[in-house]
Structures are given as C-alpha cells and as structure tokens.
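Residues per chain are reported as follows:
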Amino acid sequence: MTEVRPTAGASASLWERDAEIAAIAGAVDTLCADRSSSGSVLLLRGEAGLGKTALLAETRRIAEQRGCTVWSARGGETLRSVPFNVVRQLLQPALVSMLPEEARDYLGDWYDIAGPALGITEPGERHADPQGVCEGLVAAVRRLARRYWPLVLLIDDAHWADQETLHWLAAFADRLDDLPVLLVVARRPGEISGVSARHLDAVAAASDRPVTTLSALTPDAAAGLTRATLGEHADAAFCREVWAVTGGNPYETVELLAKVQDSELEPVEAHAGELRALNQSARGGGLVARLEQLGIDATRFAWAAAILGTGVTVDLVARLATLEHADAVRCAELLRSARILTAPDPAGARTAPADLEFVHPLIATAVYNSIPDALRRAMHGIAARIVTDSGRGAAAAARHLVEVHPDDDEELVEQLREAAREHLAVGAPDAARRCLERALEEPPRPEVHAHVLYELGCATFLTAPARTIGHLRAALGMPGLDGDRRVDAVVRLSQALLHNDQMEEAVRTVEAEAARLEPGPARMRLQAVQFMWEGIHAGETFTPNRSERLAELAATCTGRDNSERALLILRGFDAMMRGENAEEIVELCDRALVNGRLAPGLGWTDSEWGVELLLMLAGVYAYTDRLDRAESLYNEALHAYESAGWSGGHLALAHAYVGLGHRRRGRLEAAETSLRESLRLAEHVGRGLPLYWTATCNLVDTLLARGRVDEAWTVAERHGFTPPYPSTIVLPDPRSVRGRLLLAVGRTKEGINELEAAEKAAAARGHHNPVHVFCAADLARALATEDPARAGRLAVDVRRRAERFGTDTALGEALRVAAALETGQRAVRLAAQAVAYLESSPCQYEHAAARIEYGTLARSRPDLERGLALARSCGADGLAAQAQQELDHGVGLR
C-alpha cells in the first residue's frame, strides 16, 4: 500500500502500486541522468478501471518534478477511424507553439512529408507514401526530442489509437537506442486485432522491461480506500462488501464510494446490502437510467458530447443537440454534478479547444451505445455538417459521414470521395478505403459507380493487392470508365496482379484491353506494359517470337512520346538480357531520353509507368559498361524517393540498385552499406517480394567479392536466399549467385547443379548476357578438373557470347575463364589479354582479380602489387590477402 493514503478519486488507483511507481521513477531518473543515454519503453496493461490513467498522471507528476518536458495523448473508442489523431494530440502543442518558418526550418526535409499528417501544413496533390509519412513522423519526434530533453511521452488507451499512429509508435519504439526519450504506453488487453494489434505487440517487444500488468485491489486495499473516503468508522463488513461488488476495480470503487457519500449512507454492515444497487447505477444500464433521470435535455447534451468524442465545447454541443445556449450551460452543470462530464485536465493534450470531457472512457462508451441507432446516425450527419461548415474539410467530417444511414445521397458520395482524396494525400490509405467503401453503400449513381470502385482500388493498392484486383475488375466491368482513366485502371489492375504473383493474368489483362483499342498512344501504352511484364518474368516466355515482335515495334519508334520511349527501353532491356551488341543497345536507350535525361512523366515518382521501366533502363546501362549513366539514374531515384518521403519498397529498391552500381564499379564497402540499408527497409515491406530478393542477392554477391564467405552464407540462410526463386527477374541472376555461393562454401556438387540449372533457365528465356548470367563462366571453372572437355566447351561459348556483346567487361571476364583452363604461356597470354580489356572496364573489382591472376601466372611482382592496391581500394579483402600471400611467399617473382 502506498504511504500516502489517497483521498481524491483521481489518486485512488495508486493504492498498491508501489512497484509500478518505483519502476516509473527509476525510468525517469535514468532519462534525466544522461543526455546521451538510450531511451526506454514502459507498457502498462490492465482492464478498464484498474488505474492506468492514474499511473500516467503520476508519471507526469514525477517527470515534471524532475524538470522533464511531458507530452501526452489519448486514444478514443469512437475516434479510431481518425488518422493520426493520437500522434497529432502528442505533437501539435509543441509544433503549433513555433512560428511556421521555425517549424519548417526545424523539421527540414521532413516538413512537407510529416507536416500534413500532423495538421500543421496543407497536403500536396500526390498520394503520400504511408511508410514515408511514418518515417517523417519518427524523424520529427527525434528532432523535437533533442530540443526538449528530457522528454517523456505518455499515451493512454493505446488500444483505441488510430492505425496510423500505431504504425508510427511501433517504428519509433524500435529506434530509441540512441534517443533519450521515455515512452509510457497504457492499454487494455485484447480490444484490437490485425495490423493494429501487431503494431502494439511491436511496441511491447521494443521494451527492455517486462510489461506491467495491473491487478485489482486486494480486500485490505479496498478497506483502506473506503475508510480514507468515508471515515475510519466504516466497519469491516461494509468494507468487504465494497470490495465484493466492485471486484477490487479501483475506478468502480471510487465511483461507488462517491455514490455512498451522495446518498449519505452510513458505512456499516446494516447498509452493505444497498451497495450492489448503487454500483449498478455507476455503469452500463444503471448509468443510462441515472442519465435519463437528469432530464431529456441533459440526456441529449450527453449524447451529443459522446458523438463529438473530442473537442467538446458547450457551444458545439448546443448546436448538435439543438439546445439554447442557456439550456446547454445548465445541462453541462448537471452532468458535471452527476460525475458524467468534467472539466478537461489542463495537462492533457488535445487538437481542439474543449470545455468538457467524460469522467472516464467507460462512461463515454456507455452513453454512446445508449443512443438509439437511427438517432445516432442522424446526429453523426448533423455533426458532419457542422464540421464541414466550420471549414475543416471533408476528411475531418469523414468519421461522421461513414456513420450516416445510406440514403442514395449524391452529395454524401462526393463528400466521401473528397475525404478519401484528402486521406490519401496525408498517407492514410486505410482511412480512404473506409470512406470509399461507405460511398459504395449509398450507392453512387451508375455513371459514378465505376469511378468510386477505381478510386477504391487505388486506395488499397499498397496494402491489399488481392482486394485491389476485385475492385478494379468490377470497375472495368461497368460503364463509366473511358479513355485514359480506363487505361490507367487496366494498368493498375495488371500491377496488382503482378504484385499478387499472378504474372500470366497480368499479361493477359493488358493484352486483351490493347486488342480492343484502335492504333494510337493508348494502345501503344498497353502494348508496352505487356512487353514490360513479360520482360521481367523469370519463367518461360508467354508468347512466341516476343523479342522479334518487340524489335519490330520498337523499330517504328522515334521517342516522340512516353509510350514510344517505353518501348525503346523495353527493347534495349530485352536485347541486353539476350546479349546482343552493347553499342546498339545503348543507342536504343539513349533515344528514350530527352537531352540525356528522363522525359517528363517518366520520373521515378511518376505513377503512370511505374518503377520497373526505369530500373530496366538503368540495368541496361549497368551491364553495358555505362556505369556513369546507371549510377546517375540510381542516385536520382534515391534522392527522389527520399525527397518525396517514399520510405517503403521504392526506397528499398533504390538503395539496392545504388548498391548494385557500387558493386559493378568495384566499391564493395559502399555497396555493402547500401545493400544492408535496402535489406533493413525490405524487412518492413515483407519477405519473399522481388525487392527483398534483389537486396539479398546483391548483398550475398558483394560479400563473396569481399572474400567474406561465411558471412555471405549466414546472410543467405537468415534471409531465405534459397529456391524457389521469385517469378520476376532479379539483377544479377540469383541462381548464378547461389551457385557461386555453394562453390565458395565447399558444397561443390550442389554448386555445380545450381549453376547447371541457372544455365538451363537462362537458355529457355534466351538470356545469353555473360555478365548478368555468369553461371557458365563459374561452371567452366568448377568443371575444369572433373570434366575438362565440357569446361572447355563452356569457356568457348562464354567467349563467343562476350564477343557478340562486345563490352570490355564481358571480353575480359571471358578471357579470365579461358586462362583458368589453360597452362603455361598460353594461360599467361590469355590472362594478359584479360587484363588489357578489364583495365579499360569501369569494373575495378574484376580488373583487380585479373591483375592478380596475371601477376601470379607471369610471376610479376609489379602486377601483383598493382592488383593488391586495386583490391584494397575495392574493399576486396579476400583478393588482397591472396595477392599479399603471393608477394610474401612467391618464388621466382620478378
């Protein structure tokens, strides 16, 4: 029991909370001790009424006593559909206190990304990336935390927080290692499921302390609280009955004792039997009956307050409840006297001014649920109109709009569509989905229906591809979608099918729509999309003579519009994968640019064509020895996504391909850094996706190049770099990388089998680029001893392909393979030729390897020393060690 015997209801829940208060005080002391200390998370869990809010209030008292800045927020049962509601409560007071220019300077690049979600600036016209907005909010709090140290964040009723806040909360809690912030979260067990529950579980996992689960008061504590409230003369039997009827619930105990005081009941055994009836009047049906006793006006006032949920002012309630101002003031006083409403805690955070709030969430829930269904829906409709008339926009009214009874209301449909657009602009697609699903219930007019389904498909695209497929198919089956919007819907449907691993259907969808159209830009766009999906598919070609048809179509293109530019890029990528002449390939792709840059509408954040096309373009340059152009595109993508706040899959891909550029160039340390960041981001998006394979494959390949074989194997095992392989093409070829890895760890037979499978799969697709699909070269080396004849045939084939492709890298690598299969002076001559080609190549790792191989064969100290310097500059520790060993122990060096 606490030393101070509480007498006020607000502190009654601190009885028997010594351990919890000690843990809170310790966490606050740790926070205040060192500005460079890591942050921490405290999670309080307990059923309704067990004192979570009281512990948060005590946390505030302790923290403020020690000079901390304390910000707080609270979830609300009727406010869960309001995106960013809780995080706005938490941060708005600090941000609004700044001048707009100061807030912009302080948040920097994150201002335009996180600002709209926080309600401190207007959103742009683009759909905001939810992951990017989450990252922006994390960055915003991190910057504010350093300014306001020591900072304590309190979140009450987190089980009722909106999904967007919980997304941020999980990400923020996971990044407190280097940020001195104390985060205290209170929640009920259960209550939520799905994505929101997983976010709260992630918050708990981020804590280095066990979750504090609050228990009910013991009989002794209930007796102490009873006597502290009613007087020491309360007898034992009466005190035991107080505990029995409340179950030791602190909130119910406080409310029951208040009723005893109001009724002037003597706390003796003779009156103990009356406690149960008094307790019933404090909750559920009893509370509703007590509310009705206050009169119809007071009941309407309470209903209106429950509908509003937040920002409850007498004037606003009067408008919603259709009461005169004087009557509303009188009702407010009645409800305060009845302990149903109270004045807001001045320390609490809110995003709107308020005169009143419910004494406890249990009361708010009981009042809301007591409103007759038809009346509740009607009051939400009035509330929506009040919010709209106040100029706060459709999104602010949306939580009321979705509750209105469907009634074939055209205006309501348009309001919900506008609200959905506003939600998408701040990065809340789930809220947009709810608005559009509700709009369909109205229902929309026939000529609008397909457009609502299309917008709904766009809203669910990032979070639920399977659901998107259904919406877009339905939209395309209705009249109303015409022209460019219909083409957009078909392309978006094919993208959703692709992301849902329905590649063949994605191709057939655009193919069928293209067949319906007359020749022109729209048809050409769909044809380009079809070729694009077929081009990135890792399986068998869907249609015969695809490459020939693509070549014929691209031959008619001059690059006058983006459809023609797309076809030129697709033709270049197909030719690169097939190993055609590199100079001609580059000339094709250069024609797709405008003055050497991406054309308007083909930027990295433009949605019409998607990221796949541009990655194909950059991939062509990466594998035709035009690394300067490839790296420029990769870095442009990274900058574009960071500036736009796209922190999900797009940014993961950008880091992966920046890493690929570094790997091709031979900057292995930089490659590893980029690829590890890509893999970190990809983990948040989801395993098994093509972007996850891209990051993992390139990281394994880079670690092998660095000579860190064991680490490469660990990464492969940890991240599932094993068959089955993805249905889309990954650069470089994952089978080839997997085969190289197996050979490196000594699993030679498995490695050979994997490389043979890679060679077979590449041949089936007509992929003969010896740089991207390097399995034949590694297979030739692996078979050199056990099957030299076959190894020789493979080496000849690799050289033939390299001569056809014609890049210095391909020719140099082919000559390295040939040299590895020869002996004596012929091996030396071939190795010297390999060095000559690779010296002109931009791929410095391959040059270093060739230089060391030649130095070893020719016994040339200068070449070994130069190879050693190159290997070190690349970060190729294994190659450097090999060269150093030759220099230290080699015999006959000259």
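What you are looking at is a predicted structure, and each value in this text was computed from that prediction instead of being measured.

### Some remarks on the overall build of the protein chain
Then step 1. In terms of regular secondary structure, the protein chain is built from 45 helices and seven strands.
Then step 2. Principal axes of the C-alpha set define a box for the protein chain whose edges measure 110 × 70 × 50 Å.
Then step 3. Residues counted as buried form 56% of the 894 residues belonging to the protein chain.
Then step 4. Within the protein chain, residue pairs in contact and separated by at least 24 positions form 68% of the contacts whose partners lie at least 6 positions apart.
Then step 5. In the form shown here, the protein chain has an accessible surface area of approximately 35800 Å², with 50% of it arising from carbon and sulfur atoms.
Then step 6. Here the protein chain carries 97 positive and 124 negative side-chain charges, and the mean point of each set is 5 Å from the other.

### Some thoughts on the sheet that holds strand E4 (residues 181–187)
Then step 1. Ordered in space as E2-E3-E4-E1-E5, the five strands form an open sheet in which the pairing is parallel. The sheet is open, and its two edges are formed by strand E2 (69–74) and strand E5 (212–213), each paired on a single side.
Then step 2. Pairing analysis gives six bridges linking strand E1 (residues 40–45) to E4, with the strands arranged parallel. Looking at E4, one finds that arginine 45 is bridged to arginine 187.
Then step 3. Contacts between helix H3 (residues 52–65) and the sheet are confined to E1, E2, strand E3 (151–156) and E4, with E3 contributing the most and set at about 170° to the helix.

### Let's talk about the packing of helix H16 (residues 314–321) against helix H17 (residues 325–337)
Then step 1. At a minimum axis distance of 9 Å, the contact between H16 and H17 shows a crossing angle of 110°. With respect to H17, the axis of H16 lies roughly perpendicular. The handedness of the crossing between H16 and H17 is right-handed. Between H16 and H17, the residues in contact are Val314, Asp315 and Ala318 and His325, Ala328, Val329 and Ala332, respectively.
Then step 2. When the residues that make up the contact of H16 with H17 are grouped by side-chain class, the tally is five nonpolar, one polar and one charged.

### Regarding the side chain of glutamate 754
Then step 1. When you line up the elements, glutamate 754 lands in helix H38 (residues 748–765).
Then step 2. There is no salt bridge for the buried glutamate 754, and the closest opposite charge comes from arginine 738, which lies 4.5 Å off by N-O distance.
Then step 3. In contact with glutamate 754, not counting residues within four places along its chain, are Pro723, Tyr725, Arg735, Arg738, Gly739 and Leu742.

### So, the packing of aromatic side chains
Then step 1. Taken as a whole and judged by the stated rule, the model has six aromatic pairs.
Then step 2. Measuring from ring centre to ring centre gives 5.1 Å for tryptophan 71 and tyrosine 148, while their planes differ by 65°; the resulting arrangement is edge-to-face. Remark: tyrosine 148 occurs in the loop between helix H7 (130–147) and E3 and tryptophan 71 occurs in strand E2; sequence separation between them is 77 residues. Each member of the pair, tryptophan 71 together with tyrosine 148, is buried.
Then step 3. Pairing tryptophan 604 with tyrosine 641 gives two aromatic rings, centres 6.4 Å apart and planes at 80°, and the pair type is edge-to-face. One end of the pair, tryptophan 604, is in the loop between helix H30 (582–591) and helix H31 (611–623); the other, tyrosine 641, is in helix H32 (residues 627–644), with 37 residues separating them in the sequence. Just as tryptophan 604 is buried, tyrosine 641 falls in that class too.
Then step 4. An aromatic cluster is defined as three or more aromatic residues linked by ring pairs; in this entry it consists of Trp693, Phe721 and Tyr725.
Then step 5. If you follow arginine 740 out to its NZ or CZ, it ends over the ring of phenylalanine 774, 3.9 Å from the centre.

### Regarding the pattern of salt bridges
Then step 1. Tallied over the entire structure, the rule returns 70 salt bridges.
Then step 2. A salt bridge links glutamate 455 to arginine 417; the shortest N-O distance between them is 2.5 Å. Pair noted here: glutamate 455 is in helix H23 (residues 446–460) and arginine 417 is in helix H21 (residues 410–425), with a separation of 38 residues, a long-range link.
Then step 3. Its relative accessible area of 13% is what places glutamate 455 among the buried residues.
Then step 4. Residue classification places arginine 417 among the buried residues on the basis of a relative accessible area of 10%.
Then step 5. Arginine 546 is paired through a salt bridge with aspartate 574; the nearest N and O atoms lie 3.0 Å apart. Here the residue arginine 546 occupies a position in helix H28 (residues 546–555), and aspartate 574 occupies one in helix H29 (residues 562–578), the gap between them amounting to 28 residues.
Then step 6. For aspartate 574, a relative accessible area of 8% gives the class buried.
Then step 7. Residues joined in a network through salt bridges with shared partners are Glu669, Glu672, Arg676, Arg706, Arg708, Glu711 and Asp877.

### Focus on the packing of helix H6 (residues 111–118) against H7
Then step 1. As a packed pair, H6 and H7 sit with axes 8 Å apart at the nearest point and diverge in direction by 90°. By the angle class used here, H6 and H7 are roughly perpendicular. Every residue of H7 that contacts H6 at Ile113, Ala114, Ala117 and Leu118 is listed here: Gly132, Val133, Gly136 and Leu137.
Then step 2. By residue class, the composition of the contact of H6 with H7 is six nonpolar, two polar and no charged.

### Description of empty space enclosed by the protein
Then step 1. Within this structure, the stated rule accounts for two cavities of 30 Å³ or more.
Then step 2. In this model, the largest cavity occupies a volume close to 50 Å³.
Then step 3. In terms of lining, the largest cavity is formed by Glu20, Ala23, Ile24, Leu42, Leu43, Leu44 and Thr212.
Then step 4. Counting only elements with at least two residues in the lining of the largest cavity, the list comes to helix H2 (18–33) and E1.
Then step 5. Looking at the lining of the largest cavity residue by residue, the class counts come to five nonpolar, one polar and one charged.
Then step 6. Approximately 40 Å³ is the volume attributed to the second largest cavity.
Then step 7. Looking at side-chain class alone, the lining of the second largest cavity contains four nonpolar, three polar and two charged residues.

### Observations regarding the confidence of the model for the protein chain
Then step 1. The share of residues in the protein chain with pLDDT of 70 or more is 96%, and the mean pLDDT across the chain is 88.
Then step 2. Between the elements of the protein chain, mean pLDDT differs from a low of 49, seen in helix H1 (residues 9–12), to a high of 97, seen in helix H36 (residues 709–718).

### Overview of helix H26 (residues 503–516)
Then step 1. Taking 1.5 Å as the rise per residue, H26 with 14 residues should run 20 Å; its terminal C-alpha atoms sit 21 Å apart, in good agreement.
Then step 2. Those residues of H26 not exposed but buried are Met503, Ala506, Val507, Val510, Glu513 and Ala514. Summarising the axial view, the buried residues of H26 lie within an arc of 140°, below the 170-degree limit, and thus occupy one face. Away from its buried face by more than 90 degrees, H26 exposes Ala515 and Arg516.

Conventions we followed
Residues numbered from 1 in each chain as written. Predicted model: local features only at pLDDT ≥ 70, side-chain atom pairs only at ≥ 80, totals over all residues. Heavy atoms only, no water. Helix = DSSP H or I, 4+ residues; strand = E, 2+ residues; numbered from the N terminus. Buried < 20%, exposed > 50% of the residue type's maximum accessible area, 1.4 Å probe, protein only. Contact = heavy atoms within 4.5 Å. Areas by Shrake-Rupley, 256 points an atom, 1.4 Å probe, with all protein chains shown as cover. Lys, Arg positive; Asp, Glu negative; His and termini not counted. Charge placed at Lys NZ, Arg CZ, Asp CG, Glu CD. Pairing = 2+ DSSP bridges. Axes fitted to C-alpha atoms, helices over the stretch in contact; angles between N-to-C directions. Parallel < 35°, antiparallel > 145°, perpendicular 65-115°, else oblique. Left-handed = near helix turned anticlockwise from the far one by under 90°. Nonpolar A, V, L, I, M, F, W, Y, C, P; charged D, E, K, R; others polar. Salt bridge = Lys/Arg side-chain N within 4 Å of Asp/Glu carboxyl O. Phe/Tyr/Trp six-rings, centres within 6.5 Å; stacked < 30°, edge-to-face > 60°. Lys NZ or Arg CZ within 6 Å of the ring centre and 35° of its normal. 1 Å grid on protein atoms, 1.4 Å probe; cavity = no way out; pocket = protein on both sides within 12 Å on 5 of 7 lines; lining within 4 Å. Points joined across faces, edges and corners; volume = space filled by probe spheres on them. pLDDT = per-residue confidence, 0-100. Expected span 1.5 Å × (residues − 1). Arc of directions from axis to C-beta.

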